[in-house]
Amino acid sequence: MGAAMRRIHVGNALSAFGLGFTVPYLYVYVAQVRGLGSVTAGLVLAVFAVAALIVLPFAGRAIVRRGPLPVLLVALVTAALGALSLGLSASAGTVLLSAAALGAGQAVMQPALATMIVDCSTTETRSRAFAMQFFLQNLGLGVGGLIGGHLVDTTSASSFTLLFALEAAMFLVLVAVMATVRVPRAPRVEEAPGQTGGGSWKQLLGNRAMVQLCVLGFVLFFACYGQFESGLSAYGVEAAGITTSALGTALAANTLMIVVAQFAVLRFVERRKRSRVIAAVGLIWAVAWAVAGYAGLGHGSQTMATAAFISTYALFGLGEAMLSPTLAPLVADLAPTGLAGQYNSAFALVKQLALAIGPAVGGPLGASLHAPYIVAFLLFSLGITVLAVRLGRQLTDVQNQPSLARSRVVTQGGAPADAAVVAEA
């Protein structure tokens, strides 16, 4: 890694560390500590999603025009102000406004940092760079949540003010770190069918591969991340009798699997077609939902049900570790030169939409309709496999398997260049 990439990874770790302080305790803070009730707390969580959906369409254009670094710095300052204000707010109005600022800043950070990683990497090193980003994000969230859990006191509002102040400080430290980054311009893969050089949303929607990837991404985030803290946890408590401590253990198993497996699976993923890797994730997640079905619908002991439920979260973590060096680099390789910011923002928008809809659908379903819930999301996982296979038909050889660029020169049609020369002779 060069100096710029090292600073970017430090930035990712710091931002995740700061978020880990407050994210697990936001609902308790608003509803109980500030005494604003569950309705206001629910609105705060909704405001995060709404703010992201509003700013992301504009973030992509800003990144293309101004570059990712200035946009990132503005997003960090906005998030820091939102976090500090949230820690000092005592009324519903100020809490919602603060949450909007924090949510907007967090949302814009994602495509800005992703674009900086694209600009500081090559096609050959991009998968490893995004794997490192995902690893550090999960490590930062886990460590931040662990420390925050020891600092927080539900009987003292000042302890939460301290947490939000620490989060704001992390964002400001990140401003200082990222201000020293010098982002080079990196080459990109540009042979995808239907790609054009324009930067409008209409032209982006004309890229069939990108549209299919966005549809696939929506199903991925809806069927996995959108269920972690809503539908799947509600199903575990109501159907499988999982205790809150066991639920915490399951979440820890998910993070541990990512941290342990990330670089173990990286070499395997780098040598396979991306579409097949995503298809395999769909099958792994289908197994995870089947195991969750056994936990809540089977007739085993409570110990077996708890073990099965924890295994479900671990299997999801394995799939996440396989996706991190696959999805984000693929978005970058589909983007025409100079438009990585817009493509990253579009994919982040799809992710936020899935994360907003997923809990709203999965929560009530997982809590009351246990068997339909498991069957529906098992089918969604199998749908991921089908969509991934279809996506592979829209990708060039190098986009689908970047390792080919290191082993041979590939023509646009996918044949080795030396073979083409022989054919012409």
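The structure this text deals with has already been given above.
## Re the overall build of the chain
Along its length, the chain carries 19 helices and 0 strands. Among the 425 residues that make up the chain, the fraction classed as buried is 52%. When contacts within the chain are restricted to residue pairs at least 6 apart in sequence, those whose partners lie at least 24 apart make up 84%.

## Some remarks on helix H7 (residues 157-178)
The terminal C-alpha atoms of H7 lie 32 Å apart, and with 22 residues this matches the ideal 32 Å at 1.5 Å per residue to within 8%. Listed in full, the buried residues belonging to H7 are Ser159, Phe160, Leu163, Phe164, Glu167, Ala168, Met170, Phe171, Leu174, Val175 and Met178. Along its buried surface, H7 packs onto helix H1 (3-22), helix H2 (26-33), helix H4 (68-88), helix H5 (92-119) and helix H6 (126-151).

## Notes on the nonpolar core
Taken as a class, soluble globular proteins show a tendency for nonpolar side chains to be buried jointly. Ranked by internal contacts, the top residues of the largest apolar core, which has 113 residues, are Met178, Met210, Leu213, Leu232, Trp285 and Phe309. Looking at which element gives the most residues to this core, the answer is H5, with 11 residues. If we skip the residues at most four places from it in the chain, Trp285 touches Leu220, Cys224, Leu315, Phe316, Gly319, Glu320, Leu323, Ser381 and Ile384.

## Some remarks on the packing of H5 against H7
The contact between H5 and H7 brings their axes to 14 Å, and the two run at 30 degrees. What the angle tells us is that H5 and H7 run roughly parallel. By crossing handedness, the relation of H5 to H7 is classed as left-handed. Residue-level inspection shows Leu102, Gln106, Met109, Leu113 and Met116 of H5 in contact with H7, the latter providing Glu167, Phe171 and Met178. Here the contact of H5 with H7 is built from residues that sort into 6 nonpolar, 1 polar and 1 charged.

## Structural notes on the packing of helix H15 (residues 340-368) against helix H16 (residues 370-392)
The interhelical angle for the contact between H15 and H16, taken along N-to-C directions, is 130 degrees, at an axis separation of 6 Å. With respect to their mutual orientation, H15 and H16 come out oblique. For the pair formed by H15 and H16, the contact residues are Gly362, Leu365, Gly366, Ala367 and Ser368 on the first element and His370, Tyr373 and Phe377 on the second. Classifying every residue of the contact of H15 with H16 by side-chain character gives 4 nonpolar, 4 polar and no charged.

## Focus: the packing of aromatic side chains
For the coordinates displayed, the defined rule picks out 15 aromatic pairs. A centroid spacing of 5.0 Å and a plane angle of 50 degrees characterise the contact between Tyr29 and Phe164, whose relative ring orientation is tilted. A residue pair is termed long-range when its members are at least 10 positions apart, and Tyr29 in helix H2 and Phe164 in helix H7 qualify at 135 residues. Residue classification places Phe164 among the buried positions, given a relative accessible area of 1%. Relative to Tyr373, the ring of Trp289 lies with its centre 5.4 Å away and its plane at 85 degrees, an arrangement referred to as edge-to-face. In this pair, Trp289 sits in helix H12 (residues 274-297) while Tyr373 sits in helix H16, placing the two residues 84 residues apart along the sequence. When its relative accessible area of 0% is taken as the criterion, Trp289 is described as buried. Aromatic ring contacts, followed pair by pair, group Phe218, Phe222, Tyr235, Trp285, Trp289, Phe316, Tyr373, Phe377 and Phe380 into a single cluster.

## A few points about the environment of Gly2
Tracing the backbone through its elements, the reader meets Gly2 in the segment before H1. Spatially, the C-alpha atoms of Gly2 and Ser121 are 9.2 Å apart, while their sequence positions differ by 119 residues.

## Considering the side chain of Gln352
Residue placement: Gln352 occurs in helix H15. Of the residues examined, Gln352 reaches a relative accessible area of 12% and is grouped as buried. Apart from residues lying up to four places away in sequence, Gln352 is in contact with Ala52, Leu53, Leu56 and Gln110.

## Things to note about a nonpolar patch on the surface
There is a patch of nonpolar side chains on the surface, built from Leu139, Val143, Ile147, Leu151 and Leu162 and spanning about 360 Å² of accessible area. Here the nonpolar patch gets 4 residues from one element, more than from any other, and that element is H6.

## With respect to helix H9 (residues 208-223)
When the terminal C-alpha atoms of H9 are compared, their 23 Å separation across 16 residues agrees well with the 22 Å that a helix rising 1.5 Å per residue should span. Taken across its 16 residues, H9 has 12 buried, putting it largely inside the fold. Within H9, the full set of buried residues consists of Ala209, Met210, Gln212, Leu213, Cys214, Leu216, Gly217, Val219, Leu220, Phe221, Phe222 and Ala223. Those residues of H9 that are buried lie in contact with helix H8 (201-205), H12, helix H13 (302-323), helix H14 (327-334), H15 and H16.

## Overview of the side chain of Arg274
Among the secondary structure elements, Arg274 is positioned in helix H12. For Arg274, the side chain forms a polar contact with the side chain of Asp333, separated by 2.9 Å. Every residue in contact with Arg274, bar those within four places of it in the chain, is listed here: Ser127, Thr326, Pro329, Leu330, Asp333, Gln399, Asn400 and Pro402.

## Comments concerning the pattern of salt bridges
Here the structure, examined in full by the defined rule, presents 3 salt bridges. Note that Glu270 is salt-bridged to Arg128, the shortest N-O span being 3.2 Å. In this pair, Glu270 is assigned in helix H11 (residues 244-270) and Arg128 in helix H6, connecting sequence segments 142 residues apart. Judged by its relative accessible area of 15%, Glu270 falls in the buried class. Linked by salt bridges that have partners in common, Arg126, Arg274 and Asp333 make up one network.

Scoring rules and cut-offs
- Residues numbered from 1 in each chain as written.
- Predicted model: local features only at pLDDT ≥ 70, side-chain atom pairs only at ≥ 80, totals over all residues.
- Heavy atoms only, no water.
- Helix = DSSP H or I, 4+ residues; strand = E, 2+ residues; numbered from the N terminus.
- Buried < 20%, exposed > 50% of the residue type's maximum accessible area, 1.4 Å probe, protein only.
- Contact = heavy atoms within 4.5 Å.
- Expected span 1.5 Å × (residues − 1).
- Core = buried A, V, L, I, M, F, W, Y, C linked by side-chain atoms within 4.5 Å.
- Axes fitted to C-alpha atoms, helices over the stretch in contact; angles between N-to-C directions.
- Parallel < 35°, antiparallel > 145°, perpendicular 65-115°, else oblique.
- Left-handed = near helix turned anticlockwise from the far one by under 90°.
- Nonpolar A, V, L, I, M, F, W, Y, C, P; charged D, E, K, R; others polar.
- Phe/Tyr/Trp six-rings, centres within 6.5 Å; stacked < 30°, edge-to-face > 60°.
- Patch = residues over 30% accessible without salt bridge, like charges linked within 9 Å, V, L, I, M, F, W, Y side chains within 5 Å.
- Areas by Shrake-Rupley, 256 points an atom, 1.4 Å probe, with all protein chains shown as cover.
- Salt bridge = Lys/Arg side-chain N within 4 Å of Asp/Glu carboxyl O.
- Polar contact = N/O pair within 3.5 Å; in protein donor to acceptor, adjacent residues only side chain to side chain.

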